[in-house]
Amino acid sequence: MNGSWGRSYKGVYSSFCRDYDNLLSSTYSNVLFIVSAGNTGIGGIPSIIQNPSDCKNTFAVGATLSYGKYIRSREKGIEYLADYSSRGPTSNGRIKPNIVAPGHFILAPNAGVGARYVSGTSMSSPVVAASASIVRQYFEEGWCNTMSCCGTKGCGVTIKPSGSLLKAILINGAQPLTGGVQSIPGSFHDNNQGIGQLNLLNSLPLSEVNNVGLILINDRKIVNGAEHEYIINVDTSNGCTSDLRVTLAWYDAPGAVGCTHCVMNDLDLFIEDMHGSEMFYPNGLSYRNKKNTAERIRVPTLTEDFFTHLYCNADYICIPLTDCTV
């Protein structure tokens, strides 16, 4: 579901966010609500992400520039963020936008006059919404078994994905922009591009098309104080050099209006190597993340197997997703 609208609360958790987060966590947990981040980013001002893209359970999308013949004079191309794309973080420190997608100089239908070129995050969020629909169809057509994907239509079973699983898939496959903000260097896991740019080919296994292995957990309950552990067996015998990406996403209960610590159910994701000598934490941090309801870890070089840990200090449904070539 796409929402190309917004208003400014300067990233403050509002009563509208309470309503959105409540509905998505309690009534419509199968829905991924994708929202444009806003077009107030010129000047690089932080914390101007628009509402409702600043809510915990909504999925905020920023805009990159265009590609090929759609690059206009003095524009650097699709690996650069459009300078007008609204930036995070929220006032309580959550990463926003979640990801970015092409939104500049997009050919779109125009009522009564055919089509015209339009720019803005209102164009990039429908790109992500359409991609999320493809991901949902992928699961419903049986491309996966209950915990792993076989990569051909009908090779597995029908899975009804939660909104959080769709979110995790899109985040897990996102790739960092190599450019930055038009001409300003940037990095992924920041509040310009979030986790990075949408890339479905990097998100789902397709037999004879890509070399992506996918392990998934959909709607698994974890109780307060529990820790779930998963062993990831890395196989590089076929010459695979892909990185390991693990993403955890969940729909959180609504917080209080104006909250400074808005996460009600704090889940933590971390990875350690089999020898226990090295730890990896999410979202570019060197410690457990206490602020976000989506956490991704990326291990760029695979030489051994890993333990994936999921820790919870609140009773909630959580959806970790492991995407790796194994």
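Anything mentioned here points back to the structure above.
Residues numbered from 1 in each chain as written. Predicted model: local features only at pLDDT ≥ 70, side-chain atom pairs only at ≥ 80, totals over all residues. Heavy atoms only, no water.

Looking at this model, I keep getting lost on the state of the cysteines. Mind explaining?
Summed over all chains, the structure comprises four disulfides. Sulfur-sulfur distance for the disulfide between Cys17 and Cys55 comes to 2.2 Å. Judged by the sign of its S-S torsion, about -90°, the bond between Cys17 and Cys55 is left-handed. Highlighted residues: Cys17 in helix H1 (residues 15–26) and Cys55 in the loop between strand E2 (34–36) and strand E3 (59–64), separated in sequence by 38 residues. Per residue, the accessibility class of Cys17 equals that of Cys55, and both read buried. The disulfide partner of Cys144 is Cys149, and the S-S distance across this bridge is 1.9 Å. With the S-S bond torsion at 85°, the cross-link from Cys144 to Cys149 turns out right-handed. In this structure, Cys144 and Cys149 share a single accessibility class: buried. (Disulfide = S-S within 2.5 Å. Helix = DSSP H or I, 4+ residues; strand = E, 2+ residues; numbered from the N terminus. Buried < 20%, exposed > 50% of the residue type's maximum accessible area, 1.4 Å probe, protein only.)

Please explain the pairing of strand E13 (residues 267–273) as it appears in this structure.
The side chains of a regular strand alternate between both faces of the sheet. Taking burial as the measure, the seven residues of E13 include seven buried ones, the bulk of the element. In terms of strand pairing, E13 meets strand E14 (residues 279–280) through two bridges, oriented antiparallel. Bridging across to E14, Ile271 finds its partner in Phe280. Counted along the chain from E13 to the antiparallel partner E14, the turn is five residues long, and its residue Gly276 has a positive phi close to 70°. (Pairing = 2+ DSSP bridges.)

What am I meant to see in the environment of Val61 here?
Relative to the elements of secondary structure, Val61 occurs in strand E3. Taking relative accessible area as the criterion, Val61 reaches 0% and is therefore assigned buried. With 25 residues separating them along the chain, Val61 and Ser86 place their C-alpha atoms 9.3 Å apart. The contact partners of Val61, leaving out residues within four places of it in the chain, are Ile34, Val35, Ser36, Ala37, Pro97, Ile99, Val100, Ala101, Thr121, Ser124, Ser125 and Val128. (Contact = heavy atoms within 4.5 Å.)

Please explain H1 as it appears in this structure.
Since one α-helical turn is 3.6 residues long, residues separated by three or four positions face the same way. The end-to-end C-alpha separation of H1 is 16 Å, in line with the 16 Å expected for 12 residues at 1.5 Å each. Within the span of H1, buried status applies to Cys17, Tyr20, Asp21 and Leu24. Along H1, the residues classed as buried sweep out an arc of 95° about the axis, all on the same side. (Expected span 1.5 Å × (residues − 1). Arc of directions from axis to C-beta.)

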